[in-house]
Amino acid sequence: MSIIADENTRVVVMGGVAGVNAAKRMAEFCYLSHLPYNVTAFVYPPDAGKTAEIPFGSQFLAVPIYAKLKEATDNHPETNTALVYIGANRAYQGSLEALENEKINFVSMITEGVPEKDAKLLIKHAKRLGKVLNGPSSIGVLSAGKCRLGVIGGEYNNLKLSKLYRPGSFGVITKSGGLSNEIMWLVSQFADGVTTTIGVGGDAYPVTDFVTYLDLFEKDPDTKAVVIVGEMGGNLEEAAAVWYEAKPRRIKLIGIASGFCQEHLPKGMKFGHAGAKEGMHGEGSARAKSERLKKAGAIVPPTFGDLGPTIRKVYEDLKATGQIKAVKDIPAAELPELPRKVEEVISAGDVVVQPLFKTTISDDRGDEPLYCGYPASDLIEKGYDITHIIGLLWNKKLVSDKEAEVIKRILMLAADHGPCVSGAFATILAACAGIGLSQSVAAGLIMIGPRFGGAVTDAAKYFRFGLRNYPNDIPGFLAHMKKEVGPVPGIGHRVKSLKNPDKRVEVLKKTVRDLALRTPTLDYALAVEAITTTKKDNLILNVDGCMACVLVDLGFPEESLNGFFILARTIGMIGHWTDQKREGGKLIRLYNYLVNFAVPRRKEVPDRK
Amino acid sequence: MAKVLEGPGMELFNKWGIRTPRHVVISTADQIDSLVHSNQWMRESKMVVKAHEALGGRFKLGLVKVDLDINQVKSAAKEMLGRDVQGLAISQVIISEMIPHNEEYYLAVKSVREGAEILMAKFGGVEVEANWEKVKRTFVEVGEKPGQEQLEKLAKEAGFTGEHVEKMRKFAERLFECYDNEDGSYMEINPLAINPADGKLCALDAVILLDGDARFRHPDWNFSFASEFGRAYTDNERTIMEIDSRIKGSVKLIEIPGGAVALLPAGGGASVFYSDAVIAMGGTLANYAEYSGDPPAWAVEALTDKVCSLPGIKHIIVGGAIANFTDVKATFTGIIAGFRKAKNDGKLKGVKIWVRRGGPNEAVGLEYMRKLADEGFDIHVYDRYTPLTDIAKYALQGEGK
């Protein structure tokens, strides 16, 4: 047997993330002990109607979340226990709701930092309703092999090491969450393990005192001895002593209290637990508690270090008198392992997984992104700028300062081209229709293609073709293009001509000349221009063509080149969208007179045949 | 529990209709001149000057001066401000109106498990401690208020007669209201006296302990809490308190001058057993400290730094039980970073470090600690198979494996 929690305990968890985390720990315990999962529902209004995903072995259970406790207990009438993980400012209301729910007969309050007045009011309500409310600041309750409420018991490996998957003969009551695991470990090492362990919480006024649980342990035939771990302050230990000596008790009581150091420390010093405070007039010291427990007939080891041997002695005595029969342990190999996460298995080198795809340029698995292996912050600290990042991510090369300067100027020259071109116009149209930034810019980017800004890649491709196959025969190249392709991409402009040159092209050409860069493709394209302009003076090398040649001469792959136009023009498109928003641009509808309505005039609709 | 100094304590009293002497709190003597200008009572009354710090035994230390005129107030304030007491400088003094009185009374409200007790005595000052059994008390259940007859009975039992019974009843009602509405843990007025100027009861002192956990429902608590152990907090303690207030989990530190064993244990329960173990072995504690609730590594690192900086320490005890959910590896990473920093800063010379812990990621965390030996740390690492507090024994008896 056990007290408070057993295999029939069914739990509703009240509260958000911390509650779900505890519910996951509870699932681990159920899995280890071959028990069905004991959490029926969550109460967490912000997520009401959803389900929480709880790993159970290699399965995932979906546990429903409700807005109100009553909905949870109506839908899951087997629920008999509530765990309160609600924040300190609302924990009182939540716990009261749980106490007042007729299906719930045990409530454990995990919340820390609950005001004392709230705790004291809850003591009153629990008494009035005749129910047990454990906590606040409780680590939980664990009945070995039967039920875990909360995170008590710690990680999976500790559950196994402390043999919590099967009952023993010792009850444990502690105020400290950390020590509850320690005592269960001791009891499993020096004796046969625990029946039930209760963490009552370290607050000044725990709702339920030691005596409530001692009474229950006394009635549980499987519990032969109880270890209580107390501390200075309050009078829970004294009350336990009074209870123990009141009449002959079946259970052996082992008691220990901390705080002897108080005699050597500054007066009034506050310890880790709120409850561990000095009594107003000397009562509640560790020494007084220990003496009182001893006087009541409890076994009190002189120090914490002696607790283990003391437990062993009690266990051996109980065995010798036949009150405890040896428990058969389950060999470690027969205990289920918690399935490992795929990341753990991979890092242990136990499996190979075929990757979905491959990347060769960036990696953000560490503390910051690496661009082709270079940490972004190092690049910044060493004075590199955005042009170098473009070089790394598009061409996997750290470009030189000269090359970086060319890239920078190309981006500046191509950043915008006024509102009337297809890309900017589409962005403006979308902005005026109330579409968001990314969608509006995407609308503009969609316009980039063979007729708008998209000649860069093709220009590069054909000028390089010419340079390779017709190095000294430009008429031959032009003849090939005319026969096989059509107009030469990168040559020709609607308004610019020899007499009216494109300033942007002039600047770009000057840049590469001034920097004395080697530009074979650009040189070839200019030789082509020299021929085409003799035929018609607007068949000049346009800005797309010039960019294309310069960029392939810098070594950028052809397929990346439209990217320079996309990247640069995005700057302008964002500007146009922002501009329309700021100016409250109104919805655009095309004027009728800008459309030639070449449709049949209005006529009668014939009857259906 | 959290202590409130006299100045803000009296403001809380005033809020609930409890009379207190007129008073001002100053941090430089220069403030007095402008205060005299706007406070007529400072020109007309005799005054009391007290160091406004959480110090025990202020009277004996010469930090309380009574029956002063304004010039004496100025020189007393000048003398007290900045004075070094137990290694701490006095930063504020409170100047209050001197209330001449013949009789002193005692009134207090104290939190108990089922509610509160109201304590009353027809004597005050040092006589209260000496005659504790003569102090009368009455119980009020949580969620209830004291009844009129109940308080009258208490006042009569305490020895009050005539109109004093009614005065004490009303005053006790107000103190209880203050206690109840302000989430008090303990409120004490000693002495309570009749002000001859108006014949009304006046609280000449205010000992107020509030429930710090209830801060969320008191947006008007604009004061910071004072220490409860007879001295002001040190800078290091304040730093750790400030970190504690803004992290998940907790870090705690109290310094104890002159100790040789520094504590850096995990958990509010285990840390006290470690303190006990050090004392039981005849050691002296250099501090009380504790971290728990899976605090972030940087917070544990900050705590480690303060612990390593304690003067004259010979041992550091990094103890802990088997954690439920505090990640041993993560918190140890913080401690290790703190150790490395301390060593680089020339600290930890001749200091032995003793480690015992269990919990999530215990194997990795303990291994990281063990590896510190390669960096020249004098470190001794034990796992869950070593009983919890045995490292205190090893440290003080040199019984290490």
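Everything here concerns the structure above.
Being a predicted model, the structure only gives us computed values, none of them experimental. (Residues numbered from 1 in each chain as written. Chains lettered and ligands numbered in written order. Predicted model: local features only at pLDDT ≥ 70, side-chain atom pairs only at ≥ 80, totals over all residues. Heavy atoms only, no water.)

Turning our eyes to something else, we now look at the interface of chain A and chain B. Accessible area lost on assembly of the parts is the figure often given for the size of an interface. Taken together, the contact between chain A and chain B spans 62 residues of the former and 52 residues of the latter. Between chain A and chain B the total buried area reaches about 4700 Å² when both faces are included, carbon and sulfur atoms providing 60% of it. The tally of links from chain A across to chain B stands at 5 salt bridges. Between Asp118 of chain A and Arg217 of chain B there is a salt bridge, with its nearest N and O atoms 2.8 Å apart. Joining chain A to chain B, the criterion identifies 25 residue pairs in polar contact (both at pLDDT 80 or more). Those elements that provide at least two residues to the side of chain A that touches chain B are helix H4 (116-129), helix H5 (156-161), helix H6 (177-190), strand S12 (225-231) and strand S13 (252-258) of chain A. At 8 residues, H6 of chain A tops the list of elements feeding residues into the side of chain A that touches chain B. Of the residues that constitute the side of chain A that touches chain B, the class distribution is 27 nonpolar, 22 polar and 13 charged. (Contact = heavy atoms within 4.5 Å. Buried area = accessible area lost by both parts, 1.4 Å probe. Salt bridge = Lys/Arg side-chain N within 4 Å of Asp/Glu carboxyl O. Polar contact = N/O pair within 3.5 Å; in protein donor to acceptor, adjacent residues only side chain to side chain. Helix = DSSP H or I, 4+ residues; strand = E, 2+ residues; numbered from the N terminus. Nonpolar A, V, L, I, M, F, W, Y, C, P; charged D, E, K, R; others polar.)

Moving on, we come to the packing of aromatic side chains. If you walk through the whole model with that rule in mind, you get 20 aromatic pairs over all chains. Ring geometry for Tyr31 of chain A versus Phe56 of chain A: centroids 5.9 Å apart, planes at 85°, classification edge-to-face. Separated by 25 residues along the polypeptide, Tyr31 of chain A in helix H1 (residues 17-32) and Phe56 of chain A in strand S3 (residues 51-56) bring together distant segments of the chain. For Phe56 of chain A, a relative accessible area of 17% translates into the label buried. Taking 6.4 Å as the distance between ring centres and 55° as the angle between the ring planes, the aromatic pair formed by Tyr470 of chain A and Phe477 of chain A counts as tilted. What links up through ring pairs into an aromatic cluster is the set Phe465, Tyr470, Phe477 and Tyr524 of chain A. Looking at Lys343 of chain B, its charged tip hangs above the ring of Phe377 of chain B, at a distance of 5.1 Å from the centre. (Phe/Tyr/Trp six-rings, centres within 6.5 Å; stacked < 30°, edge-to-face > 60°. Buried < 20%, exposed > 50% of the residue type's maximum accessible area, 1.4 Å probe, protein only. Lys NZ or Arg CZ within 6 Å of the ring centre and 35° of its normal.)

Summed over the entire model, instances satisfying the criterion amount to 5 cavities of 30 Å³ or more. Of the pockets and cavities examined, the largest cavity occupies roughly 150 Å³. Lys117 and Lys120 of chain A together with Val142, Tyr179 and Asp180 of chain B are the residues nearest the centre of the largest cavity, which is lined by 17 residues in total. When residues of the lining of the largest cavity are traced back to their parent elements, those giving at least two are H4 of chain A together with strand S9 (115-121), strand S10 (136-141) and helix H7 (163-181) of chain B. (1 Å grid on protein atoms, 1.4 Å probe; cavity = no way out; pocket = protein on both sides within 12 Å on 5 of 7 lines; lining within 4 Å. Points joined across faces, edges and corners; volume = space filled by probe spheres on them.)

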